[in-house]
Every structure is written in C-alpha cells, then in structure tokens.
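If you want the building blocks of each chain, they are given just below.
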Amino acid sequence: MVEGRKLKAHSLIDKVYRWSNLASAWEKVKSNKGAGGVDKVSIEQFEERKETYFQELYEQLKGDKYYPLPVRRVYIPKPDGKRRPLGIPTIRDRVVQQALLNKLEPIFEKKFHESSFGYRPGKSPHLAMRRIWKELRSGNRWVVEVDIRHFFDTIDHERLIDFVAEEVADGRVLGLIRSFLKAKVSEDYTLIDVICGTPQGGVISPLLANVYLHKFDVRMVESGYRVTRFADDLVITCRAKKEAELALEKVRQVLENELDLELHPTKTRIVHISQGFEFLGYLVKLGSRGTMFALPSDKSIKNFKDKVRRITQRENPLKLPDVIEELNPVLRGWGNYYRKAHVKRLFHRFDGWIQRRIWSFKAKRWRNTLWKVYPAKVLYSELGLVNMFHLIPIRT
C-alpha cells in the first residue's frame, strides 16, 4: 500500500447479504418490535415466513435486484401541539437496513470523534451529560445551545453519499444507501418523491446522521472548541462570552456554509449557566448559592405526566393490576433516566400524585376514600407499583 493512501472497505455487499448477517439483522429488528410498513406485513407474520423472506432478500441483494418499498409516514404529536413526521419502512426493508448497519457501523466507529454520543455503541445520554458537567465544573460557564432546524429532513443526499464514500469503495453498497434515501413516502394513499433528508424511523438513519455531522465534529475540535453532540442536539461550553460568540460564528460557518443546514433562529443561543440551559431532557442551572444542579426539563415532566394521565384515566377499561402493569415501565424508564439528578423532592411528590391518580381511577372520581383500601403499602408491596423515590441511588 502506498504510504498515506487511505484504505477503504471494498467488496462489502457480499457481507451484507450473507445469510447469517440477515438472520442476525432480523433478530435485532424483531427485538425492537414496531408496526409494519406499506405491505402490512407485521413482525409476527415475517417470523412465520422468515426463511422464505431471507432467501428472497439474499437473491435480490446478490443479483442487484433489491429495491426498498415506500416508507409509510405517520405523525407523532409534540408537546407544543405540532406533529413530528416518522417514517416506517417495511419489515423486510428494516432487516436489510440493519444488515447494512451491522457492516457499516464498525467501519465508521473507528473515525467518529469522542464528542459524538448519539446512537453509538458504548455511548449514552448520561455519558454526554457527565462530559458537560465536568466541563462546567472546570470553569466553562458560558454555553452555546445549537438547534439544527429540521435536520433529518434536510440532509443533502449526494453530500452524504460522498461522506460515506470516504470509507466505503463498494459502489453497490453506496447504491443501496442511495435507494433507501430516495425511497418514496406513502402518505394518505399518495406517493411522494424524496429529494433530501433521511427518514426518522429508519434503522440506518442515526448512523447516517452521525456520518453527516462528523465533519462538523472535526472542524470544531480542530478549532479548539469543547463540543458535546447527541445526534443533532449539541452544546458547546466556553470560558467567556467572547469565546462563545466566536464558537457560534464557527458553528454557522460549518453547518450553514459547508453542510447546507439551517440553524433555528430562536433556539440557537448563547447563555450563562446562571440562566440555565436544556440538553437531552435535562435543565442544567447554577443556583443562587453558586451550586450547579440538574433537573428534568419542564417539557419532559409534562410528557411524563401526560403518559401517566392517559394510563390512569377513569375511562380505561383495564382492571387495577393491569393498569399498574402498564404504568410501571413508564415510571421505571423515566425514573431511571433522571434518578441521578436533583429529584428527591420531585420523585416524592410524583409518588403521592401517582397514588392519587390510581385511587381516582379505581373509584372513578377524584375525591374518594380508597386510600384506606389501597394504602401505599398495598400499592407497592402487594400490587407491585414502582416507587419512584426508591429508584434514587443511595449516596455513600
């Protein structure tokens, strides 16, 4: 090999359609569950005929005759009343995307920067928060909050393919990625052409998002800035306001000029830690006594309470044990995510509120005396309700 020449991945497609890789991809897709796509084939139906589907995919991919079906678009309500589009590929297409991801992820993991935490093996939101917390405590009290407007919907396809091609020389793999990016969208029985973006909901979309923003990571780190990024959610910590202003100028230069992305005009801002900032569902702020603290953001609290209300609404036809069974994963998941923040008072208050919601559900009215029949001891010990306060780790 000529010195300095970059070694790319060649002949990758045969590893993608290898039977064992397709089977491994299917197990991952199955564990993630989810609804079917435009062909109306469910996880259960795919499972019944998986050997036949594997053979079809193997032959189509090997013969370069595989084409993804349109992506079914649904909308998820947002706290502000708006709706977020979500693309649902068919099960067969999710299997192929996962098979492709199995082979691409190890290649790109070698080059991704440590400042990138989103959807990467061994990384997590908590590790990202720990990195930021350490920087704040070291004296970096000015924060640049960056919000990329409609990021997943505005990724430039050809630029993205070029970034993938920096590591992958297999033209058939690049063509496969392009076919996923160009797959039509099915909405209200209408097929829509796609000219940019990668659908939120696609198995391979998070990796492609990280590939697209890797150039940003490199540019910012080369310029000496402390960036923490989780997919398209990112902050930069600085020691002085002037440094923060220069950092924001650099952000605009890279994201807008080099990557053709748009910054949200009001959500992108410079703040001091005393004003507080939000990241990954946390509100981080400096208290009046000079002590930093982290809490769940107001938006996250509202979303959590809305879920609890939906499950415990009086019109819910389920019996009390079934309601608690449905409620517990919500309490445990949200509670474990925030259990290391400053949440003792909040979790204690939630426990009381949740008990009252359950009594109201059982009695079918808010004011009742069911606390005598179902006191906290019965709810927690006999019916197995998750106690959020007990999720908080004991500090020694």
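Rules and cut-offs
- Position labels on residues start from 1 in each chain and follow its written sequence.
- With the structure being a predicted model, the display of local features is reserved for residues of pLDDT at least 70 and the display and counting of side-chain atom pairs for 80 or more, all residues being used for whole-chain, interface and lining totals.
- Side-chain metrics in this entry use all non-hydrogen atoms of the structure; hydrogen atoms and water are not considered.
- At least two DSSP bridges between two strands are required for those strands to pair.
- Secondary structure follows DSSP: runs of H or I at least 4 residues long count as helices, runs of E at least 2 residues long count as strands, and numbering of each begins at the N terminus.
- A fitted line through C-alpha atoms represents every axis, and for helices the fit uses only the stretch in contact; the resulting angles, taken between N-to-C directions, go from 0 to 180 degrees.
- Using a grid of 1 Å spacing that covers the protein atoms alone, one calls a set of points a cavity when a 1.4 Å probe fits there but cannot get out, and a pocket when the set is open and has protein on both sides within 12 Å along at least five of seven lines; lining residues are those with an atom within 4 Å of a point.
- Grid points are joined across faces, edges and corners, and a volume is the space filled by probe spheres set on the points.
- Here the term charged refers only to Asp, Glu, Lys and Arg, the term nonpolar to Ala, Val, Leu, Ile, Met, Phe, Trp, Tyr, Cys and Pro, and the term polar to all other amino acids, Gly among them.
- By definition, no residue in a patch forms a salt bridge, and every one has over 30% relative accessible area; like charges are joined within 9 Å, nonpolar side chains (Val, Leu, Ile, Met, Phe, Trp, Tyr) within 5 Å.
- Note that accessible areas follow from Shrake-Rupley with a 1.4 Å probe, and for residues the cover is restricted to the protein chains shown.
- Salt bridges are counted wherever a side-chain nitrogen of Lys or Arg sits within 4 Å of a carboxyl oxygen of Asp or Glu.
- For the charge count, each Lys or Arg is scored as positive and each Asp or Glu as negative, with His and the chain ends excluded.
- In plain terms, the charge of a residue is placed at NZ if it is Lys, CZ if Arg, CG if Asp and CD if Glu.
- The buried label applies to any residue whose accessible area, calculated with a 1.4 Å probe on protein chains only, is under 20% of its type's maximum; exposed applies above 50%, and partly exposed to all values in between.

Here we have 3 strands laid out as an open sheet, ordered S9-S10-S11, and antiparallel in their pairing. Each of the sheet's edge strands pairs with one partner strand only, and the pair in question is strand S9 (277–279) and strand S11 (292–296). The mean inter-strand angle of the sheet, taken between neighbouring strand axes irrespective of direction, is 30°.

What follows concerns the layout of surface pockets. The calculated volume of the second largest pocket comes to roughly 400 Å³. Around the second largest pocket, the lining residues are His 126, Met 129, Arg 130, Trp 133, Tyr 282, Ala 294, Asn 336, Tyr 337, Arg 339, Lys 340, Ala 341 and His 342. When residues of the lining of the second largest pocket are traced back to their parent elements, those giving at least two are helix H6 (125–137) and helix H13 (320–338). Residues that form the lining of the second largest pocket fall into these classes: 6 nonpolar, 3 polar and 3 charged.

With that settled, the discussion passes to a positive patch on the surface. Where like charges cluster on the molecular surface, the positive patch consists of Lys 78, Lys 82, Arg 84, Lys 267 and Lys 299. Tracing the backbone shows Lys 82 in the loop between strand S1 (71–77) and strand S2 (83–88).

A word on the pattern of salt bridges. One pass over the full model with this rule turns up 21 salt bridges. One salt bridge connects Glu 166 with Lys 111, and the closest N-O pair in it is separated by 3.4 Å. Remark: Lys 111 occurs in the loop between helix H5 (91–109) and H6 and Glu 166 occurs in the loop between helix H8 (157–165) and helix H9 (171–182); sequence separation between them is 55 residues. With relative accessibility at 22%, the residue Lys 111 sits in the partly exposed group. When the shortest N-O distance is used, the salt bridge between Glu 258 and Lys 215 registers 3.5 Å. Linking Glu 258 in helix H11 (residues 241–258) with Lys 215 in helix H10 (residues 205–222), this pair joins segments that are 43 residues apart in sequence. What emerges from the salt-bridge pattern is a single network uniting Glu 27, Lys 30, Glu 47 and Lys 50.

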